[in-house]
Amino acid sequence: MEQVQSKAAQGRVADAPSGHWVYRALPRRLWPYAQLARWDRPIGWQLLLWPCWWSAALAASAYARPGDSFLSLIPSPWHLVLFLIGAVAMRGAGCTYNDIVDAGIDEQVERTRSRPLPSGKVSKRQAWVFLVLQALSGLAVLVQFNSFAIGLGIASLIVVAIYPFMKRFTNWPQLVLGLAFSWGALMGWAAEYADLARPAVLLYLGSVFWVIGYDTIYAHQDKEDDALVGVRSTARLFGDSTKSWLIGLYGGALILMASAFSAAGIPVPAMAGLVAAGAHMARQIAVLDIDDPDQCLRLFKSNNVVGWLIFLGLIGGGVWAALKPLV
């Protein structure tokens, strides 16, 4: 699907990849709903998922003792699947809600005016119904966890609800996005222990720094349009100092995550994942051109690699703890 959607024609949204399975597999009448949920742009649910999986892996290998079994030191596959389904459902619900709130703004921004609401491919009423269906799917996942995790997950909706309005009132909407997108860093621990502890909080804060960093890169795509319509962002706030801010944000993220690992007694080999992630973040900063929207989008998407590196490092730490008596 090469044609970009407009009020006159149906097609893909401007920042979705051409040839995506959504446009090959789904009937045309379902395209607007897939676009509302961002099924054609999976990077969003992937970035929402990583703090969940990090937290689940952190909780599994925390405070490892000699004699602990291998299976007890790696995250529950069932929990990983639940977090995956929940991330897709709740990212879709959040994006649908964001599009409902921002329909007027999206119509004025070149990259977003092809979305289903501003292009007239779906009504607000239809979008609300779809939002409710996705939220119910997320609730069905949430109730599989313990009561503490259920309450914690419901509490996240407060942050999700206020996020779309922040770009109107503060230069730091990316901070609120970080608070929302990092919530999974608390959930994995809560699902395992039915409480919160210092390692989970440190991981959460580290993830918040990471989100602010990568979404600042993302926001540089729209800074000119944002200035015209009065939308605020850290991209506009940081401007030419973005690289310096990213050094602080990504550096802070790594320090906080390393502190989380240390507080949980995670085996040292897990730090290899953080080192590799740090190298990847450093490369992002080194090559970043804030005036190249296409590159900003590529670098933003590359943070999925950061997620994998940190997660595999944690899994490696658990495996090391299980094998340590044998080596």
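Here's a quick rundown of the structure. What you see is a predicted model; the values in this text were computed from it and never measured.

1. So, the overall build of the chain
Then step 1. Secondary structure assignment for the chain yields 16 helices and 0 strands.
Then step 2. The C-alpha radius of gyration of the chain comes to 20 Å, within 12% of the 20 Å expected for a compact globule of 327 residues.
Then step 3. A principal-axis box enclosing the C-alpha atoms of the chain has dimensions of 65 × 45 × 35 Å.
Then step 4. The buried share of the chain, taken over its 327 residues, is 54%.
Then step 5. Across the chain, contacts joining residues at least 24 apart in sequence account for 72% of those joining residues at least 6 apart.
Then step 6. One way to put it: in the chain the 26 positive side-chain charges average out to a point 5 Å from where the 21 negative ones average out.

2. Here we look at the packing of helix 7 (residues 147-166) against helix 9 (residues 184-193)
Packed helices, taken two at a time, are described by the angle between their axes plus the distance between the axes.
Then step 1. Put simply, helix 7 and helix 9 touch, their axes get as near as 8 Å, and they point 165 degrees apart. Here helix 7 is positioned roughly antiparallel relative to helix 9, judged by the angle of their axes. By crossing handedness, the relation of helix 7 to helix 9 is classed as right-handed. Across from Phe148, Ala149, Leu152 and Gly153 in helix 7, the residues of helix 9 making contact are Leu186, Met187, Ala190 and Ala191.

3. Focus: a nonpolar patch on the surface
Then step 1. Together, Val129, Val132, Leu133, Leu136, Leu139 and Val143 give the surface a local cluster of nonpolar side chains, amounting to about 510 Å² of exposed area.
Then step 2. Take Leu139: it is sitting in helix 6 (residues 124-142).
Then step 3. For Leu139, a relative accessible area of 40% gives the class partly exposed.

4. Examining the packing of aromatic side chains
Then step 1. Scanning all chains against the criterion turns up 20 aromatic pairs.
Then step 2. Ring plane angle 65 degrees and centroid distance 5.6 Å describe the contact between Tyr214 and Phe300, whose orientation is recorded as edge-to-face. Residue Tyr214 is found in helix 10 (residues 198-219), and its partner Phe300 is found in helix 15 (residues 293-301); the two are separated by 86 residues along the sequence. Across the pair, Phe300 and Tyr214 agree in class, each one buried.
Then step 3. In textbook terms, an aromatic cluster arises when at least three aromatic residues are bridged by ring pairs, as seen for Trp54, Trp210, Tyr214, Tyr218 and Phe300.
Then step 4. A cation over an aromatic ring shows up here: Lys167 above the ring of Tyr163, its NZ or CZ 5.4 Å from the ring centre.

5. Here's the deal with the packing of helix 10 against helix 13 (residues 242-263)
Then step 1. Closest axis-to-axis distance for the helix 10/helix 13 pair is 8 Å, and the angle between their directions is 160 degrees. One way to sum up the angle between helix 10 and helix 13 is to call them roughly antiparallel. The element helix 10 and its partner helix 13 pack so that their crossing is left-handed.
Then step 2. Here the contact of helix 10 with helix 13 is composed, by residue class, of 17 nonpolar, 8 polar and 1 charged.

The rules behind each value
- Residues numbered from 1 in each chain as written.
- Predicted model: local features only at pLDDT ≥ 70, side-chain atom pairs only at ≥ 80, totals over all residues.
- Heavy atoms only, no water.
- Helix = DSSP H or I, 4+ residues; strand = E, 2+ residues; numbered from the N terminus.
- Rg over C-alpha atoms; globule rule 2.2 N^0.38 Å.
- Buried < 20%, exposed > 50% of the residue type's maximum accessible area, 1.4 Å probe, protein only.
- Contact = heavy atoms within 4.5 Å.
- Lys, Arg positive; Asp, Glu negative; His and termini not counted.
- Charge placed at Lys NZ, Arg CZ, Asp CG, Glu CD.
- Axes fitted to C-alpha atoms, helices over the stretch in contact; angles between N-to-C directions.
- Parallel < 35°, antiparallel > 145°, perpendicular 65-115°, else oblique.
- Left-handed = near helix turned anticlockwise from the far one by under 90°.
- Patch = residues over 30% accessible without salt bridge, like charges linked within 9 Å, V, L, I, M, F, W, Y side chains within 5 Å.
- Areas by Shrake-Rupley, 256 points an atom, 1.4 Å probe, with all protein chains shown as cover.
- Salt bridge = Lys/Arg side-chain N within 4 Å of Asp/Glu carboxyl O.
- Phe/Tyr/Trp six-rings, centres within 6.5 Å; stacked < 30°, edge-to-face > 60°.
- Lys NZ or Arg CZ within 6 Å of the ring centre and 35° of its normal.
- Nonpolar A, V, L, I, M, F, W, Y, C, P; charged D, E, K, R; others polar.

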